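Commentary on secondary and tertiary structure
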Protein chains: 2
Amino acid sequence: MSWNLDSDRPIFLQIVERIESDIVSGKYLPGDKLPSVRELAVEAAVNPNTMQKACTELERIGLVYSQRTNGRFVTEDKKQIDRIRKEMAKRTAQEYLRKMKEMGIDRDEAMRLL
Amino acid sequence: MSWNLDSDRPIFLQIVERIESDIVSGKYLPGDKLPSVRELAVEAAVNPNTMQKACTELERIGLVYSQRTNGRFVTEDKKQIDRIRKEMAKRTAQEYLRKMKEMGIDRDEAMRLL
DNA sequence: ATTACTGTACTATCCAAATAGTACAGCGCG
DNA sequence: CGCGCTGTACTATTTGGATAGTACAGTAAT
């Protein structure tokens, strides 16, 4: 699975969102160990520093935690995961309607376009 | 009307999209004169250079043209405007579905969330 | 103990975006 | 003419993201 990173937005943010999605969609399960920073960096073809920045952010959000010398793991707090899943979905939907409205397209038409 | 620019993406790109929307939504009509670069820059609270970069891009796209010492005007080519309108809407809808799919949300649920 | 892996913490460098400031050419109007 | 507006074209500087490279501490397996 390719990472499809574009240059219009900070790469580390795109990575954060990508891994967020992988967690809320269940691709990574609560308690799962993530690949190491270095592994992920190779996979995504970015600098390890960039990947670590993304991981630090995921930690701040509360989706992962790290064991200093052992690795990084998905939180076991399923409520937290579900909360973020709902929040992401809501924000994405609102953003979609906002853009469409800006183009002069109402909700009905926005739904029809899907 | 505020410009709502965020710092997560290049400002000039956000401006381009904003003015694109204003044109395809009919807020600016074909042949309308745009405010000057300097005026727009003040309005959006950005540097004139940034605004000019955005305007140059709009010109490249074919939505506006400039009269060197007179001002900048919306194209009178309504077909071009409509073409871009359809293209923007399509791209936005696809992007929405892509994000939702990444979160593990299918089309039906994505529609329901609107 | 050695080896290999983990996260983490630095410094240095590069590049694009954004800013600040200045300047010039042409049009229109009083 | 002179004034003010227009787009346009520069230079210089700053800032944040990304890169490259190195280093250290702690765990686990051999």
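Around DNA strand C sit 22 residues, and of these R68 and R72 of chain A together with I11, N49 and T50 of chain B come closest. For DNA strand C, the fraction of protein-proximal atoms (within 4 Å) that sit in sugar or phosphate groups is 64%. R38 of chain B places a polar side-chain atom, nitrogen or oxygen, 3.5 Å from a base nitrogen of DNA strand C. When residues of the surface near DNA strand C are traced back to their parent elements, those giving at least two are α2 (37-44), α3 (48-61) and β2 (71-74) of chain A together with α1 (11-24) and α3 (48-61) of chain B. Residues of the surface near DNA strand C, tallied by class, amount to five nonpolar, eleven polar and six charged.

This next bit is on the protein's contact with DNA strand D. Residues in close proximity to DNA strand D total 22 residues, the closest being I11, N49 and T69 of chain A together with R68 and R72 of chain B. The contact atoms of DNA strand D, taken as those within 4 Å of the protein, divide so that sugar and phosphate hold 64%. Within the side chain of R38 of chain A, an N or O atom sits 3.5 Å from a base nitrogen of DNA strand D. In this structure, T50 of chain A approaches DNA strand D through a side-chain N or O atom, which is 2.8 Å from a phosphate oxygen. At the level of secondary structure, the elements contributing two or more residues to the surface near DNA strand D comprise α1 (11-24) and α3 of chain A together with α2 (37-44), α3 and β2 (71-74) of chain B. A class-by-class count of the residues in the surface near DNA strand D yields five nonpolar, eleven polar and six charged.

This brings us to the relation of the copies chain A and chain B. The two copies are related by a screw motion: chain A maps onto chain B through a turn of 179° and a shift of 0.0 Å along the axis, at an RMSD of 0.1 Å. Here the copies are linked by what is in effect a two-fold axis. Across chain A, the rotation axis passes nearest the C-alpha of R9 of chain A, at a separation of 2.6 Å. Of the interface residues in chain A, 96% have counterparts in chain B that sit at the interface too, so the contact is made through matching surfaces.

Attention now moves to the packing of α2 of chain A against α3 of chain A. Residues and elements named next belong to chain A. As a packed pair, α2 and α3 sit with axes 8 Å apart at the nearest point and diverge in direction by 115°. Judged by the inter-axis angle, α2 sits roughly perpendicular to α3. α2 and α3 meet at a crossing whose hand is right-handed. Packed against α2, whose contacting residues are V37, L40, A41 and A44, the element α3 presents P48, M51, Q52 and C55 at the interface. Of the residues that constitute the contact of α2 with α3, the class distribution is seven nonpolar, one polar and no charged.

A few words now on the interface of chain A and chain B. Contacts between the two partners involve 26 residues from chain A and, on the opposite side, 25 residues from chain B. For the pairing of chain A and chain B, the buried interface totals around 2400 Å² over both sides, and the portion due to carbon and sulfur atoms is 68%. The largest share of the area that chain A buries against chain B comes from E102, M103 and L114 of chain A, three residues that together contribute 29% of it. At the surface where chain A touches chain B, the tally comes to six residue pairs in polar contact (both at pLDDT 80 or more). Sorting elements by how many residues they give to the side of chain A that touches chain B places helix α4 (residues 78-102) of chain A first, with ten residues. Looking at the side of chain A that touches chain B residue by residue, the classes come out as 14 nonpolar, four polar and eight charged.

This part is about the nonpolar core. Within soluble globular proteins, side chains that are nonpolar tend to cluster in buried spots. Counting 60 residues, the largest nonpolar core has M51, Y96 and M100 of chain A together with M51, Y96 and M100 of chain B as its most contacted members. Mapped onto this core, the elements with two or more residues apiece are α1, α2, α3 and α4 of chain A together with α1, α2, α3 and α4 (78-102) of chain B. The contact partners of M51 of chain B, leaving out residues within four places of it in the chain, are I15, V37, L40, A41, A44 and V46 of chain B.

This part takes up unusual backbone geometry. A negative phi angle characterises most non-glycine residues, just as the trans form characterises most peptide bonds. Unlike most non-glycine residues, A45 of chain A shows phi in positive territory, near 60°. With respect to the element layout, A45 of chain A can be found in the loop between α2 and α3.

With that out of the way, let us pick up α4 of chain A. For α4 of chain A, which comprises 25 residues, the first-to-last C-alpha distance of 36 Å matches the rise-based estimate of 36 Å (1.5 Å per residue) to within 8%. Residues of α4 of chain A that are buried include every one of Q80, I81, I84, M88, A89, T92, A93, Y96 and M100 of chain A, and no others. If you follow the buried residues of α4 of chain A, they end up packed against α1, α3, β2 and α5 (107-112) of chain A together with α4 of chain B. With a side-chain oxygen lying 3.1 Å from the backbone nitrogen of K79 of chain A, the N-terminal cap of α4 of chain A falls on D77 of chain A. Looking one or two places after α4 of chain A, you find G104 of chain A, whose phi comes out positive at around 85°.

About the thresholds
Residues numbered from 1 in each chain as written. Chains lettered and ligands numbered in written order. Predicted model: local features only at pLDDT ≥ 70, side-chain atom pairs only at ≥ 80, totals over all residues. Heavy atoms only, no water. Near = heavy atom within 4 Å. Polar contact = N/O pair within 3.5 Å; in protein donor to acceptor, adjacent residues only side chain to side chain. Helix = DSSP H or I, 4+ residues; strand = E, 2+ residues; numbered from the N terminus. Nonpolar A, V, L, I, M, F, W, Y, C, P; charged D, E, K, R; others polar. Least-squares fit on C-alpha atoms with pLDDT ≥ 70 in both. Contact = heavy atoms within 4.5 Å. Axes fitted to C-alpha atoms, helices over the stretch in contact; angles between N-to-C directions. Parallel < 35°, antiparallel > 145°, perpendicular 65-115°, else oblique. Left-handed = near helix turned anticlockwise from the far one by under 90°. Buried area = accessible area lost by both parts, 1.4 Å probe. Core = buried A, V, L, I, M, F, W, Y, C linked by side-chain atoms within 4.5 Å. Buried < 20%, exposed > 50% of the residue type's maximum accessible area, 1.4 Å probe, protein only. Expected span 1.5 Å × (residues − 1).

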